[in-house]
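Understanding the architecture of this molecule
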Amino acid sequence: MDLINEQIQHYAEQHTSTETDLLKKIDRDTHAKVLMPRMLSGHLQGKVLSMLSHMIRPKCILEIGTYTGYSALCLAEGLQEGGKLITLDINEELEDRVRTYFAASAFGEKIDYRIGNAATIIPGLTETFDLVFIDADKERYSLYFDQVIDKVRIGGFIMADNVLWSGKVLNAKPDKDTRAIVEFNKKIQEDPRVENVLLPIRDGIMLMRKVSL
């Protein structure tokens, strides 16, 4: 389901600051050479991620779900001097490609790219995060939130992608991934530790600010 009129989407992209040459290359390469290119954040959403990161000015970012590295590079644009981004992904087949992109960027030394099971890695992280971006397997969204919430500072932010799931969240009889997203959205709406807004950008971004322990 296309959530936004295609012409409106095109108009919005035309009136959004352009991507870097590297991001354009990642977009082209992903669509030409990688399975499921729809998983790429892309121009408009990528610029939203960059803009939010610039506004937050994080010292430490955690990304759960790297894919081909587009969103990580967008988020890294807002890092403070001396800041770092940890990005986790389970797909080792993309590792060499993604490391090449990171090395070609201005943020290569700031990005800690780890291959493995995020649910196993996250409990061992000792950093306090200013910003977390969740964009991995949908059935584990609630688990990832539970694992990271205590690692985010008061006033810090968590974002979760695909929370409209192509409009399937409105289905009367959802499949298991859709049910997981619906349950996650309800969980966030009812959690007093965060303030949240569901942004209908692309496939939906849940933006949360941690307000209490």
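For the structure itself, look to the data block above.
Residues numbered from 1 in each chain as written. Predicted model: local features only at pLDDT ≥ 70, side-chain atom pairs only at ≥ 80, totals over all residues. Heavy atoms only, no water.

1. Here we look at helix α5 (residues 95–104)
Which entries qualify depends on this criterion: Partly exposed describes any residue whose relative accessible area lies between the buried limit of under 20% and the exposed limit of over 50%, with all areas from a 1.4 Å probe on protein chains only and scaled to the type maximum. Elements are defined by DSSP. Helices are runs of H or I of four residues or more, strands are runs of E of two residues or more, and each kind is numbered from the N terminus. Of all possible arcs, the one meant is that of the directions from the helix axis to the C-beta atoms. Only heavy atoms matter for contacts: two residues are in contact if any of them lie within 4.5 Å across the pair.
Those residues of α5 that sit buried are Val 98, Tyr 101 and Phe 102. Buried residues along α5 cover an arc of 100 degrees about the axis, so they all sit on one side. Residues Asp 96, Thr 100, Ala 103 and Ala 104 are exposed on α5 and point more than 90 degrees away from its buried face. Residues of α5 that are buried sit in contact with α2 (21–33), α4 (70–76), β2 (84–89) and β3 (111–115).

2. A few points about the pattern of salt bridges
Here is the rule we go by: One side-chain nitrogen of Lys or Arg within 4 Å of one carboxyl oxygen of Asp or Glu is enough to make a salt bridge.
Inspection of the entire model under this criterion finds 12 salt bridges. Here Glu 139 and Lys 176 are joined by a salt bridge, their closest N and O atoms 3.8 Å apart. Of the two residues, Glu 139 sits in the loop between β4 (129–134) and α7 (141–148) while Lys 176 sits in helix α8 (residues 176–190), which places them 37 residues apart along the sequence. Between Arg 193 and Asp 191 there is a salt bridge, and its shortest N-O distance comes to 2.7 Å.

3. A few points about a nonpolar patch on the surface
As a reminder of what qualifies: What makes a patch is a set of residues exposed beyond 30% relative accessible area and free of salt bridges, joined within 9 Å when like-charged and within 5 Å when nonpolar (Val, Leu, Ile, Met, Phe, Trp, Tyr). Where accessible areas are quoted, they stem from the Shrake-Rupley method and a 1.4 Å probe; at the residue level, only the protein chains shown are allowed to cover.
A contiguous nonpolar surface patch, about 370 Å² in accessible area, is contributed by Leu 35, Met 36 and Met 39. Turning to its location among the elements, Met 36 is positioned in the loop between α2 and α3 (42–56).

4. A look at unusual backbone geometry
One non-glycine residue, Tyr 67, adopts positive backbone phi at about 55 degrees. Position of Tyr 67 relative to the elements: it lies in the loop between β1 (60–64) and α4. In the Ramachandran plot, Ser 166 falls in the positive-phi region, its phi being about 55 degrees despite a non-glycine side chain. The topology assignment puts Ser 166 in the loop between β5 (152–161) and α8. When its relative accessible area of 13% is taken as the criterion, Ser 166 is described as buried.

5. A look at the packing of α7 against α8
Inclusion rule: Axis geometry follows a simple rule: fit a line to the C-alpha atoms, using only the stretch in contact for helices, then measure angles between N-to-C directions, giving values from 0 to 180 degrees. Think of it as three bins: nonpolar holds Ala, Val, Leu, Ile, Met, Phe, Trp, Tyr, Cys and Pro, charged holds Asp, Glu, Lys and Arg, and polar takes everything else, Gly as well.
At their nearest, the axes of α7 and α8 sit 8 Å apart, and the two run at 35 degrees to each other. Note on element contacts: α8 touches α7 through Ile 181, Phe 184, Lys 187 and Ile 188, opposite Tyr 141, Ser 142, Phe 145 and Asp 146. Grouping the amino acids of the contact of α7 with α8 by side-chain chemistry returns 5 nonpolar, 1 polar and 2 charged.

6. Considering the side chain of Asp 135
This is how the line gets drawn: Here a polar contact means two N or O atoms within 3.5 Å. Within protein one must be a hydrogen donor candidate and the other an acceptor candidate, and residues neighboring in sequence count only if both atoms are side-chain atoms.
Structurally, Asp 135 can be placed in the loop between β4 and α7. The exposure class of Asp 135 is buried, given its relative accessible area of 15%. Among the polar contacts listed, one links the side chain of Asp 135 to the side chain of Lys 138, at a separation of 3.4 Å. When neighbours within four sequence positions are excluded, Asp 135 is seen to be in contact with Met 39, Ile 64, Gly 65, Tyr 141, Asp 161 and Asn 162.

7. What to know about the pairing of β5
Definition in use: For two strands to pair, DSSP has to find at least two bridges joining them.
Of all 10 residues making up β5, 8 are buried, and the element is well covered by its neighbours. In this sheet, β5 lies alongside β4 in parallel orientation, the contact comprising 5 bridges. Within the sheet, the bridge partner assigned to Phe 129 lies in β5 and is Val 152. Where β5 and strand β7 (residues 205–210) come together, 5 bridges link them in antiparallel fashion. Across the sheet, residue Phe 157 finds its bridge partner in β7, namely Arg 209.

8. Comments concerning the pairing of β1
Counted residue by residue, β1 has 5 buried out of 5 residues, so it is predominantly covered. Neither face of β1 is open: one carries Cys 60, Leu 62 and Ile 64, the other Ile 61 and Glu 63, and all of them are buried. Sheet topology note: the β1/β2 ladder contains 5 bridges and is parallel. Considered in β2, the bridge of Cys 60 is made with Lys 84.

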